[in-house]
Amino acid sequence: MTGADARDARLNRLWGAACASVGIFLLVWGLSWVKAHVLDEDLHNRCADLHTATFPFEKSCTHPDGTTEGTNSPLLNGAFYGSMAAATVCLTAVFTMEAGRKRPR
């Protein structure tokens, strides 16, 4: 395998990881939207202290005894921010490798 072939293989793997990370990011963002706007839609009717967030979508209620209802799980938030960070790292690496590539004349 030549150096150019190895570089192309690394680029293909990085593009694959970037696409997978973006796909996970969009899936989790969609799930949080459905949870906030469909499953927790009536939360405002039974809650006095309602909190909303848009990144990622969330509607939560804090009850007087300190319990919360409707918050996103730490696993969902971890997948959301982790996939966003992984996509950023992969895309930065891909663009850096592409910028450093020598163009044939």
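Everything below is about the structure printed above this text.
The structure displayed is predicted, hence computed values, not measured ones.

A few words now on the overall build of the chain. Scanning the chain for helices and strands turns up two helices and three strands. Ordered by position in the sequence, the α and β elements of the chain form the string α-β-β-β-α. Here the C-alpha radius of gyration of the chain, 21 Å, is well above what a compact globule of 105 residues would show, namely 13 Å. Dimensions of the chain, computed from C-alpha atoms along their principal axes, come out at roughly 70 × 20 × 20 Å. Residues classed as buried in the chain amount to 25% of the 105 residues present.

Let's shift gears to the nonpolar core. One finds Leu 11, Leu 14, Ala 18, Cys 90, Val 94 and Met 97 forming the largest nonpolar core, which totals six residues. Of all the secondary-structure elements, those providing two or more residues to this core are helix 1 (3-39) and helix 2 (74-100). Beyond its immediate chain neighbours, meaning those up to four positions away, Ala 18 contacts Ala 87, Cys 90 and Leu 91.

Rules and cut-offs
Residues numbered from 1 in each chain as written. Predicted model: local features only at pLDDT ≥ 70, side-chain atom pairs only at ≥ 80, totals over all residues. Heavy atoms only, no water. Helix = DSSP H or I, 4+ residues; strand = E, 2+ residues; numbered from the N terminus. Rg over C-alpha atoms; globule rule 2.2 N^0.38 Å. Buried < 20%, exposed > 50% of the residue type's maximum accessible area, 1.4 Å probe, protein only. Core = buried A, V, L, I, M, F, W, Y, C linked by side-chain atoms within 4.5 Å. Contact = heavy atoms within 4.5 Å.

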